[in-house]
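Here is what each chain is made of, one letter per residue.
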Amino acid sequence: MNVNLIFWCVNSTWVLLAFAIFFPTFASATTPPKSQNSSSYSQVPEYLNPNPNPLQFPTKPEEVKVQQTVPISLTQALELARRNNRDLQIAILELERSRSALRESQAALFPTLGINGNLTNSGNGFRSNSSQASTSFNGSAQLNYDLYTSGNRQATIRAAEEQLRLDELDVESTSLEIQLNVTTEYYDLQQADEQVRINQSAVNNAEASLRDTQARENAGVGTGFDVLQAQVNLANFQQELTNAISQQQIARRQLATVLSLAQSVNITASDPVQIAGLWQPTLEETIIQAFQNRPELQQQLAQRNIYEQQRRQALSQLGPQLSLAGSYSLRDRFNDGASSTDSYSVGLQASLNLFDGGAAKARAAQSKSNVAIAETQFARERDQIRFDVEQYYSQLQSNLNNVQTSSVALNQATQALDLARLRFQAGVGTQTEVIAAENDLTRAEGNRVTAILDYNRALANLQRSVTSRTSR
């Protein structure tokens, strides 16, 4: 247990440190609106974190049985995602791999130096009486350096730098995508929780109506038809409640999967359903900010630069290659009365590939086509970003109007149900009016929750589109 805890602490510290280096704006980007309480931002219970061993494989039912359900806030969910999300950890590891690849390519800027030696004992054989063994030593050192590669070395280093840049942007993009996914799935969980509450309230209302109808029938002022209507209405709401509970469980496990929670823990949303904030910039300002800040566009440019460097690498094979080679050797035979001998050599080596059947030009042509593809993908990504901003901006405005409309409708539906019950109890209304009013109230509550959460989802997507970038 202590070993696992130490392993988890080291792993979490490494991930958070790497995250702070590679994407310092993630913390500010995931800060919730000021209307929400952020005091619990780092207060995440340790038992929510998964087993530190990524190769853990549960083999017993009790190891995967949910032992408790813990309410968490959106800020805590984002903190858990930063610590434990598998996709983010993979992106950071791939970034480290690219850093090592860049260091490997930069090694070509330096000469290579190697030494070798051998110590040999030799004679005429074991059966020979005149056998006299001799011992000798041979050692040498070699120095090689590529003086001129027709641009191949520079292109290789530049391609590795662009790949590193591409992976840095991928960490940033993955971080933003995780933030968006966690936020929207938290809203999905809130909606599932609210749907359970609304349907439970509808069941309670239907049960109250059924009791009133049965009492009126027993008093001789009601009919069996009214009782049947109330019973059918209650059964319908009970079925909807059952479906809502199932969707709630699915939403909980979906968010738990994204957060990589411990196997024995389930979660529920603790934040109330409310508008997350207001969007101040105009549509045009939002589009320009998205073009400037989205890492996807910079990724396409980095990929284009990689293909350009690959084209230069291919063409460099047709140019002259010049290298420096030097060696030094030392020879000595022991007990022969002669001193050791040494020698050295220094020289230049040049080569030129006169004909390769067109292979180098063909590789260059492939890379040139890849450059054109990357440029086209850049244009496509730019158009898609604009469409996304326009779509979410429109949804933001419409859902804000829907929030206002649904709030008025909810108040009216509540009053209508009270009046329908009073009319029914006074004998001037019908059970059908009460059932219709109950259905209207349930629908009005659901519409208001949907409008608020759809607004929050659109706001989260807009914030994702214009998140400030510091890595340039």
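These figures come from a predicted structure and were not determined experimentally. (Residues numbered from 1 in each chain as written. Predicted model: local features only at pLDDT ≥ 70, side-chain atom pairs only at ≥ 80, totals over all residues. Heavy atoms only, no water.)

Looking now at the overall build of the protein chain. Scanning the protein chain from terminus to terminus reveals 11 helices and 6 strands. Scored against the burial criterion, the 472 residues of the protein chain give a buried share of 39%. Within the protein chain, residue pairs in contact and separated by at least 24 positions form 83% of the contacts whose partners lie at least 6 positions apart. With the model as given, the accessible surface of the protein chain reaches about 26200 Å², and the carbon-plus-sulfur share is 53%. (Helix = DSSP H or I, 4+ residues; strand = E, 2+ residues; numbered from the N terminus. Buried < 20%, exposed > 50% of the residue type's maximum accessible area, 1.4 Å probe, protein only. Contact = heavy atoms within 4.5 Å. Areas by Shrake-Rupley, 256 points an atom, 1.4 Å probe, with all protein chains shown as cover.)

If you walk across this open sheet you meet the 4 strands as S2-S3-S5-S6, and the pairing is antiparallel. A single partner strand is all that each edge strand has here, and the edge strands are strand S2 (112–122) and strand S6 (341–351). Adjacent strand axes in the sheet meet at a mean angle of 15 degrees, parallel and antiparallel pairs treated alike. In this structure, strand S3 (residues 134–148) lies alongside strand S5 (residues 321–333), joined through 12 bridges in antiparallel fashion. Each residue of the ladder has a partner; that of serine 140, found in S5, is serine 329. (Pairing = 2+ DSSP bridges. Axes fitted to C-alpha atoms, helices over the stretch in contact; angles between N-to-C directions.)

This part takes up the pairing of S5. When a strand is regular, its side chains alternate between the sheet's two faces. By the bridge criterion, 11 bridges tie S5 to S6 in an arrangement that is antiparallel. By the bridge assignment for S6, serine 323 is matched with glutamine 349.

On to the packing of aromatic side chains, then. Under the counting rule described, the total for this entry stands at 0 aromatic pairs. One cation-aromatic arrangement involves arginine 216 over phenylalanine 424; the distance from NZ or CZ to the ring centre is 4.7 Å. (Phe/Tyr/Trp six-rings, centres within 6.5 Å; stacked < 30°, edge-to-face > 60°. Lys NZ or Arg CZ within 6 Å of the ring centre and 35° of its normal.)

A few words now on the UniProt feature "coiled-coil region" (unreviewed entry) in the protein chain. Here the UniProt feature "coiled-coil region" (unreviewed entry) sits at residues 78–105 and 227–254. End C-alpha to end C-alpha, residues 78–105 measures 37 Å, and it is 96% helix and 0% strand. Secondary structure content for residues 227–254 is 100% helix and 0% strand, and the end C-alpha separation is 41 Å. (UniProt positions renumbered as here; feature names shortened; annotations may be inferred.)

Right, let's talk about the nonpolar core for a bit. What tends to happen in soluble globular proteins is that the nonpolar side chains get buried as a cluster. Residues Leu48, Ile72, Val182 and Leu259 are the most contacted members of the largest nonpolar core, which totals 52 residues. With 11 residues, helix H6 (residues 152–218) is the largest single contributor of residues to this core. Dropping the residues within four chain positions of it, leucine 48 is found in contact with Val70, Ile72, Leu80, Leu261, Ala262, Val265 and Ile267. Formed by 11 residues, the second largest nonpolar core is a distinct cluster that contains Val196, Leu234, Leu241 and Ala244. (Core = buried A, V, L, I, M, F, W, Y, C linked by side-chain atoms within 4.5 Å.)

Turning our eyes to something else, we now look at the packing of H6 against helix H7 (residues 224–259). One way to put it is that H6 packs onto H7 with a least axis distance of 8 Å and a crossing angle of 165 degrees. By the angle class used here, H6 and H7 are roughly antiparallel. Crossing of H6 over H7 shows left-handed handedness. Its residues assigned to classes, the contact of H6 with H7 shows 20 nonpolar, 12 polar and 8 charged. (Parallel < 35°, antiparallel > 145°, perpendicular 65-115°, else oblique. Left-handed = near helix turned anticlockwise from the far one by under 90°. Nonpolar A, V, L, I, M, F, W, Y, C, P; charged D, E, K, R; others polar.)

This part is about the pattern of salt bridges. A full pass over the atoms with the stated rule returns 21 salt bridges. In this structure, arginine 99 engages glutamate 96 in a salt bridge whose closest nitrogen and oxygen atoms are separated by 3.8 Å. Residue arginine 99 and its partner glutamate 96 are located together in helix H5 (residues 86–106), separated by 3 residues, close to a single helical turn. The class for arginine 99 is partly exposed, based on a relative accessible area of 23%. Its salt-bridge partner being aspartate 454, residue arginine 457 comes within 2.7 Å of it at the nearest N-O pair. Of the two residues, arginine 457 and aspartate 454 both sit in helix H11 (residues 431–465), 3 residues apart, roughly one turn of that helix. (Salt bridge = Lys/Arg side-chain N within 4 Å of Asp/Glu carboxyl O.)

With respect to the element layout, isoleucine 306 can be found in helix H9 (residues 295–316). Classification of isoleucine 306 as buried rests on a relative accessible area of 5%. Through-space distance from the C-alpha of isoleucine 306 to that of serine 367 is 9.0 Å; in sequence the pair is 61 residues apart. Aside from chain neighbours lying at most four places away, what touches isoleucine 306 is Ala159, Glu162, Gln163 and Leu166.

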